[in-house]
Amino acid sequence: MVCPRAALGPGALWAAAWGVLLLTVPAGAQRGRKKVVHVLEGESGSVVVQTAPGQVVSHRGGTIVLPCRYHYEAAAHDHDGVRLKWTKVVDPLAFADVFVALGPQHRAFGSYRGRAELQGDGPGDASLVLRNVTLQDYGRYECEVTNELEDDTGMVKLDLEGVVFPYHPRGGRYKLTFTEAQRACVEQDGILASAEQLHAAWRDGLDWCNAGWLRDGSVQYPVSQPREPCGGLGGAGSAGTGGGTASGGVRNYGYRHNAEERYDAFCFTSNLPGRVFFLKPLRPVPFSGAARACAARGAAVAKVGQLFAAWKLQLLDRCTAGWLADGSARYPIVNPRARCGGRRPGVRSLGFPDATRRLFGVYCYRAPGAPDPAPGGWGWGWAGGGGWAGGARDPAAWTPLRV
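Computed from a prediction, not measured in an experiment: that's the story for all the values here.

Enquirer: Looking at this model, I keep getting lost on the state of the cysteines. Mind explaining?
Expert: By definition, a disulfide is the covalent link that joins the sulfur atoms of two cysteine residues. Overall, the coordinates contain five disulfides when judged by the stated rule. Disulfide pairing places C294 opposite C364 at an S-S distance of 2.0 Å. In this structure, the disulfide formed by C294 and C364 twists by about -80° around the S-S bond and is classed as left-handed. In this pair, C294 is assigned in helix α4 (residues 287-295) and C364 in strand β26 (residues 361-366), connecting sequence segments 70 residues apart. What pairs with C319 in a disulfide is C340, and their sulfur atoms sit 2.0 Å apart. Its S-S torsion of about -115° marks the bond between C319 and C340 as left-handed, since a negative value means left-handed. Here the residue C319 occupies a position in the loop between α5 (304-313) and β23 (322-323), and C340 occupies one in the loop between β24 (329-333) and β25 (346-349), the gap between them amounting to 21 residues. Look at C319 and you get partly exposed, because its relative accessible area is 23%. A relative accessible area of 0% means that C340 is categorised as buried.

Enquirer: Teacher, can you tell me more about the packing of aromatic side chains here?
Expert: Each aromatic ring pair is characterised by the separation of its centres together with the angle its planes make. Under the defined criterion, the tally for this structure stands at 11 aromatic pairs. Considering the side-chain rings of W323 and F360, the 5.1 Å spacing of their centres and the 90° angle between planes classify their relative orientation as edge-to-face. With W323 in strand β23 and F360 in the loop between β25 and β26, this pair connects stretches of sequence that are 37 residues apart. Taken together, Y174, F178, W213, Y221, Y253 and Y263 form an aromatic cluster joined through their ring pairs.

Enquirer: Is there a simple way to think about the sheet that holds strand β10 (residues 116-118) in this case?
Expert: The strands making up a sheet associate through backbone hydrogen bonding, with each pair oriented either parallel or antiparallel. Read from one edge to the other, the open sheet built from three strands follows the order β5-β11-β10, with strand pairing classed as antiparallel. Of all the strands in the sheet, just β5 (64-66) and β10 have a single pairing partner and so form its edges. Recorded for the sheet is a direction-independent mean angle of 30° between the axes of neighbouring strands. As defined by bridge partners, β5 adjoins strand β11 (residues 128-130) across three bridges and the pair is classed as antiparallel. Within β11, the position partnered with L66 by the bridge is L128.

Calculation notes
Chains are numbered independently. Their residues run from 1 in the order of the written sequence. Note on the predicted model: pLDDT of at least 70 is required for a residue's local features to be given, and 80 or more for side-chain atom pairs to be given and counted; whole-chain, interface and lining totals, by contrast, use all residues. Each side-chain value is derived from all of the structure's non-hydrogen atoms; neither hydrogens nor water enter the calculation. Here, the term disulfide refers to a pair of cysteine sulfur atoms separated by no more than 2.5 Å. Secondary structure elements are defined from DSSP: runs of H or I of at least 4 residues count as helices, runs of E of at least 2 residues count as strands, and each element is numbered from the N terminus. Burial status follows relative accessibility: with a 1.4 Å probe on protein chains alone, a residue under 20% of its type maximum counts as buried, one over 50% as exposed, and anything between as partly exposed. Pairs were defined over the aromatic rings of Phe, Tyr and Trp, the Trp ring being its six-membered one, requiring ring centres within 6.5 Å. Orientation was assigned from the angle between planes: stacked under 30 degrees, edge-to-face over 60, tilted for the rest. Two strands qualify as a pair provided that DSSP identifies no fewer than 2 bridges between them. Note on geometry: axes are C-alpha line fits, over the in-contact stretch for helices, and angles between N-to-C directions span 0 to 180 degrees.

Okay, here's the thing in structure tokens:
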């Protein structure tokens, strides 16, 4: 549920809590690892909430504790009638319910059901344990503690380890509205990157001379190697090293009309639960045969975000182009060499080749626990013989064959 914060007063929130507290936390639930944090305290009120400064960091699939503690300025209060509520900031004035607790009654909301619970480390602990972290969990969370008509709040930022990658579809550059950019990132196993994530990627060397949407509705692009076609040599309109005759930075177009203007997208993805691998049949396959080739190995054609995650986080290095799920052909380079596209590491792109004429291998993604039904020593062809990949027969009829 998403609602403007200003629309609910303290009385309405208190009354609503009794109507939604339906679920309880399993007594034997596993606790996350404890960590020592410094705290920031509220300035007034008898209830004082303390949260971690800066941010806490996790990765997709991980478990994280969002730290929050509270105490009373007067010793006369007890903890029995306290309501604890966690919400996520989805817009400057809008919050999504995450978790609420009043005494022994607890409830998690939406995608947080089954994943969120209170840490419960003694009186005054309102910390939230979040398991199986997803890409969508990234962002800012508010911890609110209410006792009758007195309340206080604290903010916790959850960051994720991962990689930012630029993206545009087969139709070409500057074809995506804001909503289409959001959808494109999800389809490629990512989410729209935040301005903070793009700035961190720029500090790590990301250089991309095409503007793209970010999750806050702004349009920006990172320039590590300044040149005239990419915002010039000076620092005007950029965030980073500032002015000068040859300064890089993150060039910023500001907030754009999200339904009419079109740009590329900057997506973010995190740790992969499975594995990306390169499959090279006896002969390269057209795009129409890529899905069947991966399926015969218990896998699916890898998405762009999965290849970037495998390159950045699993150090996948392969100097051979392969099909990806969106119809593009790319390859990941961890150790640069001259014959593999230049002196910088990265995921090289050959764009969107003709799916019927250009032949490549394929990058596949196998989910955790999925078996490989055709371990090494297999090729692709027809059980009746008479041809191999790239021949005249229908690739939909391919089966794995021992070679």
